[in-house]
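So the chains spell out like this:
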Amino acid sequence: MKFTVAREVLLKPLQLAAGVVERRQTLPVLGNVLVSLQGGELRVAATDLEVEIRGTVPLPEAGDQGAITIPARKLLDICRALPEGAAVSLAADTEHRIKIQSGRSRFMLSTLPAEEFPEVEREVGQFSFFIDQGALKRVLEATSFAMAQQDVRYYLNGMLWEITSGRLRVVATDGHRLALANAAVEVAPEKRIQAILPRKGISELNRLLGQDGEIKVTMGTNHLSIECPDYRFTTKLVDGAYPDYERVVPIGGTKVLEGERETFRQAFSRTAILSNEKYRGVRLEMESGKLVVVANNPDQESAEEEVPVAYSGERLEVGFNVGYLLDVFNALSGSRVRLVLSDANSSVLLMDPETEQALYVIMPMRL
């Protein structure tokens with residue numbers, strides 16, 4: 001394999017793919033990217049056996065076709081360090097090395113055969129649809145923070161994608177809070193389709209997605225893939241049954257409170273400074289026309305914030321994790337936020353009152 005390419009042309013697919021490479025691997029080849037030249041297209045692929053990303057760019061000048069795996073981090077660092085507009089030549093030899101030249105710079109990197117590179121198994125997709133990249137990115141950003149980190153209930157460490165007629169719904173929960181967001185899609189499946197994507201897959205997909213252009217989403221039994229002109233993303237699906245999230249969303253709440261989202265965010269941020277570092281609890285005291293936020297810690301220190309709100313119900317006190325509330329205020333993009341409760345022991349439902357495209361549920365805590 002031998003070809004010459006502009007630094008920026010090589011850097012684009014390399015940056016897309018190399019993000020999936022872990023610094024510690026079970027197999028040496030997993031630290032490499034697969035670089036192949038076929039029919040005037042340069043393809044760069046990387047995988048960690050759970051997620052695979054393949055970036056593609058056309059080459060203006062034909063080279064000698066072939067494929068080889070090259071250390072991902074080293075190749076990426078070399079390309080980044082070269083000056084803008086530089087031409088980069090890559091030539092593989094028969095001694096498992098590749099020579100990289102650019103101007104007066106010369107590099108020799110060790111390689112591994114392309115045959116050793118593992119591919120995420122291909123399967124025939126059962127269901128496909130198109131969605132705007134920006135719309136998908138918005139629902140992922142609105143919900144991904146609520147995924148569990150290392151829960152023994154492994155299915156909570158991922159995100160549920162649910163397809164119904166005309167709608168993609170994504171759901172994330174760690175058992176203490178839940179985030180739900182909807183995006184419109186032109187689909188009409190015969191029945192509800194569900195898939196659980198792993199945390200790593202969601203993180204990488206969020207990094208890849210742009211704001212413009214449509215992408216094709218294909219769901220299979222064990223994999224989900226996303227295709228656009230620049231890349232192909234494939235992730236294994238989590239094998240498990242996601243909990244019935246609809247039972248968690250409270251309905252019929254009678255205590256409705258509304259206020260300015262940024263005012264809430266600033267008040268809760270200041271109160272959080274003196275909350276208990278371990279439990280992060282704050283007490284919400286709701287009264288007609290105002291919300292008082294109170295925090296205490298074991299050092300007998302306290303903080304209190306009074307926020308003007310639209311509320312006309314009876315006085316109510318309830319405790320919540322302030323970190324969970326701040327995550328919601330940061331995820332919402334509208335100017336106002338609505339909180340709905342039933343009583344002092346019920347979960348709170350939060351949303352943007354203007355769109356209601358995203359819903360958040362937070363369990364109360366005893367203070």
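To start, this report covers the structure provided alongside it. Everything numeric here is computed off the predicted structure, so don't read it as measured data. (Residues numbered from 1 in each chain as written. Predicted model: local features only at pLDDT ≥ 70, side-chain atom pairs only at ≥ 80, totals over all residues. Heavy atoms only, no water.)

1. Looking at the overall build of the protein chain
Rule in force here: Secondary structure follows DSSP: runs of H or I at least 4 residues long count as helices, runs of E at least 2 residues long count as strands, and numbering of each begins at the N terminus. Categorising residues by exposure relies on relative accessible area from a 1.4 Å probe, with only protein chains included: less than 20% of the type maximum marks a residue as buried, more than 50% marks it as exposed, and the intermediate range marks it as partly exposed. Any pair of residues with heavy atoms lying within 4.5 Å of one another is described as a contacting pair. Residue exposure ignores everything except the shown protein chains as possible cover, and the areas themselves are Shrake-Rupley values with a 1.4 Å probe.
Assigned secondary structure in the protein chain consists of six helices and 24 strands. Seen through its C-alpha atoms, the protein chain measures out along the principal axes to roughly 80 × 50 × 35 Å. Expressed as a percentage of its 367 residues, the buried residues of the protein chain come to 53%. Considering only contacts in the protein chain between residues 6 or more positions apart, those separated by 24 or more positions represent 66%. When the accessible surface of the protein chain is totalled, it reaches about 18,100 Å², and 46% of it is carbon and sulfur.

2. Considering the environment of Glu277
Tracing the chain through its elements places Glu277 in the loop between α5 (261–272) and β18 (281–287). In this structure Glu277 comes out as exposed when scored by relative accessible area, which is 77%. Along the chain, Glu277 and Gly323 lie 46 residues apart, while their C-alpha atoms are 10 Å from each other.

3. So, the pattern of salt bridges
Our working rule: The rule for a salt bridge is simple: a side-chain nitrogen of Lys or Arg has to be within 4 Å of a carboxyl oxygen of Asp or Glu.
Counting across every chain of the model gives 29 salt bridges. With a shortest N-O distance of 2.7 Å, Lys200 and Glu22 are connected by a salt bridge. Separated by 178 residues along the polypeptide, Lys200 in helix α4 (residues 199–208) and Glu22 in the loop between α1 (7–18) and β2 (32–38) bring together distant segments of the chain. The partner of Glu287 in a salt bridge is Arg315, and the shortest N-O contact between them spans 3.4 Å.

4. Concerning the sheet that holds strand β22 (residues 336–341)
What counts is decided by this rule: Two strands make a pair as long as DSSP finds a minimum of two bridges between them. Every axis corresponds to a line fitted to the C-alpha atoms, with the helix fit spanning only the stretch in contact, and the corresponding angles, defined between N-to-C directions, vary from 0 to 180 degrees.
Ordered by their spatial adjacency, eight strands build an open sheet running β13-β10-β11-β12-β24-β23-β22-β17, and the pairing between neighbours is antiparallel. In this open sheet, the two edge strands, each paired with only one partner strand, are β13 (193–198) and β17 (255–260). For this sheet the average axis-to-axis angle between neighbouring strands, irrespective of direction, equals 20°. As defined by bridge partners, strand β12 (residues 177–184) adjoins strand β24 (residues 358–362) across five bridges and the pair is classed as antiparallel. Looking at the pairing, Leu178 lines up with Val361 of β24. Across the sheet, helix α3 (residues 133–143) is in contact with β10 (158–164), β11 (167–173), β12 and β24; its angle to β12 comes to roughly 170°. On the sheet, helix α6 (residues 322–331) packs against β12, β22, β23 (348–351) and β24 and is oriented at approximately 175° with respect to β24.

5. Focus: the nonpolar core
For clarity, the cut-off: Working definition of a nonpolar core: buried Ala, Val, Leu, Ile, Met, Phe, Trp, Tyr and Cys residues. They are joined through side-chain atoms within 4.5 Å.
Judged by nonpolar contacts, the single largest core of 102 residues is most densely connected at Leu136, Trp161, Ile226, Phe264, Phe268, Leu284 and Leu350. Those residues in contact with Leu350, other than ones at most four positions away along the chain, are Leu325, Val328, Phe329, Val337, Arg338, Leu339, Ala358, Leu359, Tyr360 and Ile362. Counting residues in each nonpolar core, the second largest holds 16 residues, with Leu178, Ile196, Val238 and Leu359 among its members.

6. Re the side chain of Asn297
Under the convention used in this document: Between N or O atoms, a polar contact is any pair within 3.5 Å; within protein, one atom must be a potential hydrogen donor and the other a potential acceptor, and residues adjacent in sequence are included only when both atoms are from side chains.
Inspection of the secondary structure assignment puts Asn297 in the loop between β19 (290–296) and β20 (302–308). One polar contact links the side chain of Asn297 to the main-chain amide nitrogen of Asp299, over a distance of 3.0 Å. Other than its neighbours up to four places away in sequence, Asn297 contacts Leu274, Ser275 and Asn276.

7. Describing the packing of aromatic side chains
Selection criterion: Any Phe, Tyr or Trp ring, taking Trp's six-membered ring, that has another such ring centre within 6.5 Å forms a pair; planes under 30 degrees apart are called stacked, those over 60 apart edge-to-face, and the others tilted.
Going through the model one piece at a time under the given rule, you end up with six aromatic pairs. Seen from their ring centres, Phe264 and Phe329 are 5.6 Å apart, and the 10° between their planes marks the pair as stacked. Residue Phe264 is found in helix α5, and its partner Phe329 is found in helix α6; the two are separated by 65 residues along the sequence. Using a relative accessible area of 0% as the deciding quantity, one classes Phe329 as buried.

8. Let's talk about the side chain of Asp48
Assignment of secondary structure puts Asp48 in the loop between β3 (41–47) and β4 (51–58). For Asp48, the side chain forms a polar contact with the main-chain nitrogen of Glu50, separated by 2.9 Å. A polar atom in the side chain of Asp48 sits 2.8 Å from the side chain of Lys200. If we ignore the near neighbours within four places in the chain, the residues touching Asp48 are Val20, Glu22 and Lys200.

9. Some words on α4
Within α4, seven of the 10 residues are buried, which leaves it mostly tucked inside the rest of the structure. When α4 is considered as a whole, its buried residues turn out to be Lys200, Gly201, Ile202, Glu204, Leu205, Asn206 and Leu208.

10. A closer look at the pairing of β11
In terms of burial, β11 is a largely internal element, six of the seven residues being buried. Relative to β11, β10 is paired through five bridges, and the arrangement is antiparallel. Residue pairing for β11: Thr164 is matched across the bridge by Arg167. Between β10 and β11, which pair antiparallel one after the other, the connecting turn spans two residues, and Gly166 there sits at a positive phi close to 80°. Taking the residues between adjacent antiparallel strands as the criterion, β11 and β12 are bridged by three residues, where Gly175 takes a positive phi near 95°.

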